[in-house]
Amino acid sequence: MISSRLLLWAALAGAFIPVMAILNGRLGRTIGDAVHAPVVLFGVSFLFSLACALFFTKSLPDLRELGAIRPIDYLGGVIVGFYVISATILAPRIGVANFIVCAVSAQIIVSVVIDNFGLLGAVVRPVSLTRLFGVGLLIVGLVITQVADGKK
């Protein structure tokens, strides 16, 4: 059976994806051009990935601040790096399907919560009973895939 810690890690990686989308949009508004937001986002992601690589080799990174951008708006880059690192490490250990099922399930659940409460400046889209039913089915599907995987 796959470690619940590894599955939780995969789910956490997916949960951060909708947060990244909102933060990247805010970043684009802060710097005045949405097309420039991915440049900054992936610059931050590069630094996060570099920090992880250098941490594991006992070296320190050279981090630089980028002007007047709010600190929380850098988090999108950290989230991208976390996702890529998680996929790279977890998919070979737990399987690509298990990683994607956990990541996408968490992404959808967190998206519903963000929409319902308008978190991080998102437009409020109240959750409906139909949507809650769909999320319930998603969770049942996640459990079924893991039970089926554990019987091999």
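A. Structural context of the overall build of the protein chain. The number of helices and strands found in the protein chain is six helices and zero strands. Reading the secondary structure of the protein chain in the N-to-C direction produces α-α-α-α-α-α. Along the three orthogonal principal directions, the C-alpha set of the protein chain runs to about 50 × 45 × 20 Å. Out of the 152 residues belonging to the protein chain, those deemed buried represent 32%. Within the protein chain, counting contacts between residues at least 6 apart in sequence, those at least 24 apart form 70% of the total. For the protein chain, the accessible surface area stands at approximately 9,400 Å², while carbon and sulfur atoms represent 72% of it.

B. Representation of the nonpolar core within the structure. Of all hydrophobic cores here, the largest spans 11 residues; its members are Ile2, Leu6, Leu7, Ala10, Ala13, Phe82, Leu90, Ile94, Phe99, Cys102 and Ala103. Of all the secondary structure elements, the ones that give two or more residues to this core are helix 1 (4–15), helix 4 (75–94) and helix 5 (96–117). No other element matches helix 1, which puts four residues into this core. Judged by nonpolar contacts, the second largest core, of nine residues, contains Val19, Leu23, Ile79 and Ala122.

C. Examining the packing of helix 1 against helix 5 more closely. Look at helix 1 against helix 5: their axes get within 7 Å of each other, and the N-to-C directions meet at 45°. Taken together, the axis directions place helix 1 and helix 5 in an arrangement best described as oblique. Helix 1 and helix 5 meet at a crossing whose hand is right-handed. For the pair helix 1 and helix 5, contact is made by Leu7, Ala10, Ala11, Ala13, Gly14 and Ala15 and by Phe99, Cys102, Ala103, Ala106, Gln107 and Val110, respectively. When grouped by side-chain class, the residues that make up the contact of helix 1 with helix 5 number 10 nonpolar, two polar and no charged.

D. Structural view of the pattern of salt bridges. Counting across every chain of the model gives three salt bridges. A salt bridge links Arg131 to Asp115; its shortest N-O distance comes to 3.5 Å. With Arg131 in helix 6 (residues 129–150) and Asp115 in helix 5, this pair connects stretches of sequence that are 16 residues apart. Taking relative accessible area as the criterion, Arg131 reaches 35% and is therefore assigned partly exposed.

E. Representation of the side chain of Asn98 in the model. Relative to the helices and strands, Asn98 is located in helix 5. Reaching out from Asn98, the side chain makes a polar contact with the backbone oxygen of Ile94 at a distance of 2.7 Å.

F. Highlighting helix 1. Between its first and last C-alpha, helix 1 extends 16 Å over 12 residues, near the 16 Å set by a 1.5 Å rise per residue. Taken together, the buried positions of helix 1 are occupied by Leu6, Leu7, Ala10, Ala13, Gly14 and Ala15. Between a side-chain oxygen at the N-terminus of helix 1 and the backbone nitrogen of Arg5 the separation is 3.2 Å; the capping residue is Ser3.

Calculation rules
- Residues numbered from 1 in each chain as written.
- Predicted model: local features only at pLDDT ≥ 70, side-chain atom pairs only at ≥ 80, totals over all residues.
- Heavy atoms only, no water.
- Helix = DSSP H or I, 4+ residues; strand = E, 2+ residues; numbered from the N terminus.
- Buried < 20%, exposed > 50% of the residue type's maximum accessible area, 1.4 Å probe, protein only.
- Contact = heavy atoms within 4.5 Å.
- Areas by Shrake-Rupley, 256 points an atom, 1.4 Å probe, with all protein chains shown as cover.
- Core = buried A, V, L, I, M, F, W, Y, C linked by side-chain atoms within 4.5 Å.
- Axes fitted to C-alpha atoms, helices over the stretch in contact; angles between N-to-C directions.
- Parallel < 35°, antiparallel > 145°, perpendicular 65-115°, else oblique.
- Left-handed = near helix turned anticlockwise from the far one by under 90°.
- Nonpolar A, V, L, I, M, F, W, Y, C, P; charged D, E, K, R; others polar.
- Salt bridge = Lys/Arg side-chain N within 4 Å of Asp/Glu carboxyl O.
- Polar contact = N/O pair within 3.5 Å; in protein donor to acceptor, adjacent residues only side chain to side chain.
- Expected span 1.5 Å × (residues − 1).

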